[in-house]
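What follows is the residue order along each chain.
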Amino acid sequence: MATRISKTLLVASIGLLALVIVINNLTDYNANFRYIQHVLSMDTVLADSQLTWRAVSSSGLQKAAYGAIIGVETAIAALCLGGALRLLSVVNSDRVTFNRAKATAIYGLTLAFLFWFVGFMVVAGEWFTMWQSLEWNGQQPAFRFIGCVGFVLLYLSLADGDLPD
């Protein structure tokens, strides 16, 4: 029982993290949008970078990218929090039922892992060379999110046995 409760709470924690990020992005839109603008425009990368041809300077495209980011974060929050509620609803069930109930949470955690890894490490970090920016480099926070999400995804994916009588 303790393992099932632990898994449920950890999934809910990732959902809560994503929800707070969405709230922050919506309530402090301009401050967070500036981050997206700098990363996409590549205006703070090394002056002699040969990769700035990749820059996206269109405000419309930057806003669309930011909207997509908020949308994915919202989906992560919904899937993880919904998945945690689903797990909670079957926490006392047999192992087959509990293990099947993990699907929504696994989708949410997988989306979160892909979002922070592909979105922030691959696309922002490498394609837009965010790593070259001293001021607008979000790779370390993204890596922390990837580590936490990856741990919860692996832990949740472990099969659960039946509860003792």
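In the block above lies the structure referred to throughout.
These numbers come from a predicted model, not from an experiment.

Engineer: Pulling in residues and values, what's your account of helix H6 (residues 139-157)?
Structural biologist: Between its first and last C-alpha atoms H6 spans 26 Å; for 19 residues at 1.5 Å apiece the expected length is 27 Å, and the two agree. Buried residues belonging to H6 abut helix H1 (2-27), helix H3 (59-89) and helix H5 (103-127).

Engineer: Which residues make up the pattern of salt bridges, and what are the values?
Structural biologist: Applying the stated criterion across every chain yields a total of two salt bridges. The salt bridge partner of Asp-160 is Lys-102, with a shortest N-O separation of 2.7 Å. Residue Asp-160 is located in the segment after H6, and its partner Lys-102 is located in the loop between helix H4 (95-100) and H5; the two are separated by 58 residues in the primary sequence. Residue Lys-102 is classed as buried on the basis of its relative accessible area, which comes to 3%. Each of Lys-7, Lys-102 and Asp-160 takes part in a single network of salt bridges with overlapping partners.

Engineer: Describe in detail a nonpolar patch on the surface, supporting the description with residues and values.
Structural biologist: A cluster of nonpolar residues, Trp-53, Leu-114, Phe-117, Val-118, Val-122, Val-123 and Trp-127, forms a patch on the protein surface that exposes about 650 Å² of accessible area. Among the secondary structure elements, Val-118 is positioned in helix H5. A residue is classified by how much of its surface remains accessible, and Val-118, at 37% relative accessible area, is partly exposed.

Engineer: Let's hear about the nonpolar core: which residues, and what values?
Structural biologist: Counting residues in each nonpolar core, the largest one holds 41 residues, and the members touching the most others are Val-11, Tyr-35, Ile-36, Leu-87, Leu-109 and Trp-116. Taken together, the elements giving at least two residues each to this core come down to H1, helix H2 (29-41), H3, H5 and H6. Not counting chain neighbours up to four residues away, the residues in contact with Leu-109 comprise Val-11, Ile-14, Cys-80, Val-149, Val-152, Leu-153 and Leu-156.

Rules behind the numbers
- Residues numbered from 1 in each chain as written.
- Predicted model: local features only at pLDDT ≥ 70, side-chain atom pairs only at ≥ 80, totals over all residues.
- Heavy atoms only, no water.
- Helix = DSSP H or I, 4+ residues; strand = E, 2+ residues; numbered from the N terminus.
- Expected span 1.5 Å × (residues − 1).
- Contact = heavy atoms within 4.5 Å.
- Salt bridge = Lys/Arg side-chain N within 4 Å of Asp/Glu carboxyl O.
- Buried < 20%, exposed > 50% of the residue type's maximum accessible area, 1.4 Å probe, protein only.
- Patch = residues over 30% accessible without salt bridge, like charges linked within 9 Å, V, L, I, M, F, W, Y side chains within 5 Å.
- Areas by Shrake-Rupley, 256 points an atom, 1.4 Å probe, with all protein chains shown as cover.
- Core = buried A, V, L, I, M, F, W, Y, C linked by side-chain atoms within 4.5 Å.

It is worth stressing that arrangement in space is one thing and function is another; only the former is reported here.
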